[in-house]
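Structural features, examined
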Amino acid sequence: MLTVTNPTTGMVLETYPTLSVDDINQRITQATNAYQDWGSARLSLRCKVMLGVAAKLRERKQALAEMMALEMGKPIREGLAEVEKAAWCTEHYAEQAAVYLDSESIESDAVQSYVTYQPLGAVLGILPWNAPLWLAFRFLAPALMAGNTCVMKHDPNVQGCAQLIETVFDDVCAVNKVPAHIMVNLTVATEQIEAAIRHPAIQAVSFTGSSAAGAKVASIAAAEIKHAVLELGGSDPCIVMADADLDKAADIVVLSRMINAGQSCIAAKRILVEAPVYDDFVDKLASRMEQLVIGDPLLDDTQIGPIARQDLMNNLHRQVADTINAGARCLLGGEPLHRPGFYYPPTLLVDVEPGMAAFEEETFGPVMAVMKVDDFEHAITVANATEYGLGASIWTNTPRQKRQAILRLQAGQVAVNGIVKTDPRLPSGGIKKSGYGRELGPQGIREFTNAKQVWIG
């Protein structure tokens, strides 16, 4: 039985029975059978279905956003925007799949030689709770438009969202008279997922989550010789140089760190500020953070909702306490709020140093860790001193520093004078313990295809 707890109240919201082994096998078989028609369907039909899914998401946007607020605490206005982004992603792949999957001619000793991108079959997506709609469709939209069918295992805490997503597909497929099981949902506990990965019909795995869990998924997939894409944890550095537009940088840094109550893999987590502007920039951060509205995520004016689960809040507070005990100063927040639910306030830690918990570990909550750096070289060294490599950013108006940061920051994506974000048009992913493979963009849709070489004599 999966139990969903409302993080706003701390009370049980709903329970869901888990599937048996036979049920899991049946669902995977349904997706495998649906592939026989979907994988060979005209691209125009896939496009029509996926555009219908995007429209249905928008039609049910309010219900989806409210479910996210209830299950994991996302403020309603962020939830509405997330549904829009999921619909946009779906539309993007419907419109661009023909370009992304077009065969590529390559000259060789053949009369004709080229690479064609063909679907693999049924693929498995293992998804986290922090962006229930966006992360689902970041997996579903490209995989389905490539001609695969999808088996979705969502986080136990967002089963209502998972069922709403499945209903969207069921309704659209029924209208368009296409196989009903191009997307199937597995209501299973985490410990049951190994069997799904090992199922002979599953051709590849997409996983988004922690680095520790990703290592387990990767080892199982590797043992079965199955392709995997891993988008794992991050401790993204954001460098602020003395010549930056400090007000704009402060606005974006606070947005990046505090959106979704800080529960984002690609949030700016380690803020590295050049010494001459350190105190001034800290003041700007504090003045912005103390104005953020904490409250019920179902209310329109709420900017910071609760942490998704009690255990996550407890671990976040342990990281904050350990960092303060190691010598950092806490200018804002630093203690769980004394109210029902799992509320942690915007917390500003300054004078953070390497070796402290907030520097070394991924902090998944509204906690900003700020460190003073001497100069550009020091900033690059500190930024790269992490086992993670998901995203990174720099604020500077010096052309050389921009170029050098792009070349030398060890991350899957780098933003210059802007926010690290995901965009359906651009590939996203990490290096080091932040994972491998890419989602989104043309690279993302090709991850779950057979890049077949064709040689004609």
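Throughout what follows, the structure given in this document is the object of discussion. (Residues numbered from 1 in each chain as written. Predicted model: local features only at pLDDT ≥ 70, side-chain atom pairs only at ≥ 80, totals over all residues. Heavy atoms only, no water.)

1. Notes on the overall build of the protein chain
Put simply, the rule reads: Here a strand is any run of E in DSSP of at least two residues, a helix any run of H or I of at least four, and the numbering for each starts at the N terminus. C-alpha atoms define the radius of gyration in this analysis, and the globule rule sets the expected value at 2.2 Å times the number of residues to the power 0.38. For every residue, the accessible area obtained with a 1.4 Å probe (protein chains only) is divided by the maximum for its type, and the residue is called buried under 20%, exposed over 50%, and partly exposed between those limits. For this analysis, residues touch if any pair of their heavy atoms sits within 4.5 Å. Residue burial considers only the protein chains on display, and all accessible areas are found by Shrake-Rupley using a 1.4 Å probe. Charge assignment in this entry is limited to Lys and Arg as positive and Asp and Glu as negative, and neither His nor the chain termini are counted. The atoms used to mark charge sites are NZ of Lys, CZ of Arg, CG of Asp and CD of Glu.
Per the secondary structure count, the protein chain includes 15 helices and 18 strands. A compact globule built from 457 residues should have a C-alpha radius of gyration of about 23 Å, and the protein chain, at 22 Å, falls within 12% of that. Reported as C-alpha extents along the three principal axes, the dimensions of the protein chain are approximately 65 × 60 × 40 Å. By the burial criterion, 58% of the 457 residues in the protein chain qualify as buried. Within the protein chain, residue pairs in contact and separated by at least 24 positions form 72% of the contacts whose partners lie at least 6 positions apart. About 17900 Å² of surface is accessible on the protein chain, with carbon and sulfur atoms providing 52% of the total. Of note, the protein chain has its 39 positive side-chain charges centred 4 Å away from the centre of its 52 negative side-chain charges.

2. Notes on the side chain of Thr-347
With respect to the element layout, Thr-347 can be found in strand β13 (residues 347-350). Leave out the neighbours within four places in its chain, and Thr-347 touches Met-289, Val-320, Cys-330, Leu-332, Gly-333, Gly-334, Pro-366, Val-367 and Met-368.

3. What to know about the pairing of strand β1 (residues 2-6)
We count it as follows: By this definition, two strands are paired if DSSP reports at least two bridges between them.
Burial of β1 is one-sided: the residues Leu-2, Val-4 and Asn-6 facing one way are buried, the residues Thr-3 and Thr-5 facing the other way are not. Relative to strand β2 (residues 11-16), β1 runs antiparallel, the two sharing 5 bridges. Bridging from a neighbouring strand, Thr-5 pairs with Val-12 of β2. The hairpin formed by β1 and β2 contains 4 residues between the paired strands, and Gly-10 there has a positive phi angle of roughly 80 degrees.

4. Digging into the packing of aromatic side chains
We count it as follows: Aromatic pairing here means that ring centres of Phe, Tyr or Trp (its six-membered ring) are within 6.5 Å. Orientation follows from the plane angle: under 30 degrees is stacked, over 60 is edge-to-face, and everything else is tilted. Consider the ring centre and the ring normal. A charge sits over the ring if Lys NZ or Arg CZ is within 6 Å of that centre and within 35 degrees of that normal.
For the structure on display, the rule yields 4 aromatic pairs. With a centroid separation of 5.8 Å and 10 degrees between ring planes, the pair formed by Phe-137 and Phe-169 is classed as stacked. Here Phe-169 lies in helix α6 (residues 159-176) and Phe-137 lies in helix α5 (residues 134-145), a separation of 32 residues in the sequence. Judged by relative accessible area, which is 1%, Phe-169 ranks as buried. Between the aromatic rings of Phe-139 and Phe-448, the centroid separation amounts to 6.5 Å while the plane-to-plane angle is 85 degrees, which identifies the pairing as edge-to-face. Highlighted residues: Phe-139 in helix α5 and Phe-448 in the loop between α15 (441-446) and β18 (449-456), separated in sequence by 309 residues. For the pair Phe-139 and Phe-448, a shared accessibility class is recorded, and that class is buried. One residue, Arg-270, lies across the ring of Phe-359, its end atom 4.7 Å from the ring centre. For Arg-339, the ring lying beneath its charged end belongs to Tyr-343, and the centroid distance is 4.2 Å.

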